[in-house]
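So the chains spell out like this:
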Amino acid sequence: MSIIQPFLDAQEQRTRELAELRRAGRKVIGFFCLHTPAVLIEAAGGIPVRLCLQGDSFVQRRGEVLGRSCICPFIKACLGHLEQRHPLFAQVDAIAAGSMCDQIRHLADIWRSRFHKPAYVFFQPRGLEQRASGWIYRRELRWLFAELAAFCGGDTKEQELKEIIARYNLINWYLSVLHELRAEDVPPITGKEWLAVVGAGFMLASGHYLHLLRSLIEGIARGKGRCRGTAVRIMLAGGMLAQGDDRLVQTVEEGGAVVVTDALCTGTRVMGSKIAVQGNLLDNIIDAHRGKTPCIHARPNDGLYAYIDRQLKQFRVDGVIYHGLKFCEGWGSEWVRMQQFLKGRGVLNIVLDTDYGATDAGQLATRIGAFLEMLRAQKEGMYDGVL
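Structure report, in brief.

What counts, and at which threshold
Residues numbered from 1 in each chain as written. Predicted model: local features only at pLDDT ≥ 70, side-chain atom pairs only at ≥ 80, totals over all residues. Heavy atoms only, no water. Helix = DSSP H or I, 4+ residues; strand = E, 2+ residues; numbered from the N terminus. Rg over C-alpha atoms; globule rule 2.2 N^0.38 Å. Buried < 20%, exposed > 50% of the residue type's maximum accessible area, 1.4 Å probe, protein only. Areas by Shrake-Rupley, 256 points an atom, 1.4 Å probe, with all protein chains shown as cover. Lys, Arg positive; Asp, Glu negative; His and termini not counted. Charge placed at Lys NZ, Arg CZ, Asp CG, Glu CD. Pairing = 2+ DSSP bridges. Axes fitted to C-alpha atoms, helices over the stretch in contact; angles between N-to-C directions. Contact = heavy atoms within 4.5 Å. Salt bridge = Lys/Arg side-chain N within 4 Å of Asp/Glu carboxyl O.

1. Description of the overall build of the chain
For the chain, the helix and strand inventory stands at 14 helices and 8 strands. In terms of overall size, the chain behaves like a compact globule, its C-alpha atoms giving a radius of gyration of 21 Å where 387 residues would be expected to give roughly 21 Å. For the chain, the spread of C-alpha atoms along the principal axes amounts to about 65 × 50 × 45 Å. Burial status across the chain gives 55% buried among its 387 residues. Carbon and sulfur atoms make up 52% of the accessible area of the chain, which amounts to about 16600 Å² in all. A distance of 3 Å separates the average location of the 48 positive side-chain charges in the chain from that of its 41 negative side-chain charges.

2. Comments concerning the sheet that holds strand E1 (residues 28-31)
With respect to topology, 4 strands assemble into an open sheet ordered E2-E1-E3-E4, the strand pairing being parallel. Because the sheet does not close on itself, it has two edges, and the strands there are strand E2 (47-50) and strand E4 (119-122). The sheet shows a mean angle of 25° between the axes of neighbouring strands, taken without regard to direction. The sheet contact formed by E1 and E2 spans 4 bridges and is parallel. Bridge pairing in E2 links Phe-31 to Arg-50. Here helix H1 (residues 5-23) sits on the sheet in contact with E1 and E2, set at roughly 145° to E2. Those strands touched by helix H6 (residues 131-152) are E1, strand E3 (94-98) and E4, and its axis lies near 165° from that of E4.

3. Concerning unusual backbone geometry
Put simply, Arg-299 and Pro-300 share a cis peptide bond, and its omega is 0°. Inspection of the secondary structure assignment puts Pro-300 in the loop between helix H11 (281-290) and helix H12 (302-314). Of note, Arg-85 is a non-glycine position whose phi angle comes to about 55°, a positive value. In this fold, Arg-85 is placed in the loop between helix H4 (73-83) and E3. Given the relative accessible area of 58%, Arg-85 is considered exposed. Residues other than glycine seldom take positive phi values, yet His-116 does so here, at roughly 55°.

4. Points about the pattern of salt bridges
Counted according to the given criterion, the structure contains 25 salt bridges. The partner of Asp-309 in a salt bridge is Arg-345, and the shortest N-O contact between them spans 2.9 Å. Of the two residues, Asp-309 is situated in helix H12 and Arg-345 in the loop between helix H13 (329-344) and strand E8 (348-354); the sequence distance between them amounts to 36 residues. Asp-309 gets classed as buried once you look at its relative accessible area, which sits at 17%. Residue class for Arg-345 comes out partly exposed when judged on its relative accessible area of 41%. Notably, a salt bridge pairs Lys-379 with Asp-318, separated by 3.3 Å at the nearest N-O pair. Placement of the pair is Lys-379 in helix H14 (residues 361-379) and Asp-318 in the loop between H12 and strand E7 (319-325), with a sequence separation of 61 residues.

This is the structure in structure tokens:
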């Protein structure tokens with residue numbers, strides 16, 4: 001049995017658990033982006049669920065009916081799942097969405113008008129380093145908390161809030177420990193397994209997720225799990241890899257390499273700063289979340305590049321695969337700067353644009369295979385160029 005099987009089993013049960021909780025009067029709050037604090041939703045009395053599923057061609061076509069053909073595959077998938085009443089999406093009572101992406105805002109409009117459910121959209125300032133932006137950000141998340149608390153009927157006492165914060169701090173710590181173990185010569189888990197573990201946290205109750213993480217770390221300490229040795233160490237950067245969208249990682253690791261780190265909003269960037277438990281607890285949650293590694297929406301986003309630079313060194317990365325979803329303007333535009341950054345550090349890199357269809361499977365395998373051969377040749381001193 002895979003070392004991460006308990007996470008997969010728990011996810012299969014989660015939809016039924018959510019249905020039971022809703023029958024008991026609880027509210028399920030869906031969100032899409034890393035920069036919507038799950039801990040804030042839980043503090044308001046809601047059940048946070050990050051809606052992060054890929055969709056097949058049929059789901060994509062259903063999404064196009066509600067949107068348009070030139071929106072990103074993730075938004076198409078979300079709209080298609082809503083229209084088809086996917087079991088997880090059907091359990092969601094309301095959504096909380098930030099203004100980081102125009103297409104997410106468009107999705108929120110459709111959520112309200114088509115499905116007649118609340119959508120709470122908060123403004124996310126672009127320049128979080130400025131004092132005024134910080135003030136606006138805090139005001140917006142306080143508003144979000146108040147709205148969600150009223151909708152969910154939340155009346156969280158201070159001690160309960162401290163317990164929630166303690167759980168999220170421990171989750172963050174265990175994820176950090178697990179991630180740092182991937183810097184070993186032979187990592188204890190593969191890149192595909194890492195993304196599956198992180199993705200499980202989007203759905204599971206925080207207490208259950210914490211228990212599974214603790215058990216996983218204890219299992220690794222006893223010698224369980226160990227991916228095969230490899231000479232090529234890969235880092236992923238760019239746009240999100242939704243749950244079920246594992247073709248890229250699987251192709252890389254079936255080619256004999258291992259994904260040892262990433263800079264994805266569905267990967268290592270879920271980890272953030274520790275939340276303080278003294279003073280104003282709500283403001284502590286907001287301030288800690290504000291300190292997360294910035295996305296492409298932020299300007300300046302030098303923190304993202306500093307984060308990638310640290311990952312390149314700590315995890316001894318041989319090459320970077322920059323992943324983009326088709327029609328994602330943000331990550332698509334960022335590639336030019338990212339390529340210059342990586343070239344300046346002598347890191348071989350390649351950009352791969354994908355959607356959730358299977359038509360590009362052969363091309364994907366060919367390009368990844370060629371890239372891995374270049375990396376092997378470079379390690380053997382037979383190649384010193386850049387793509």
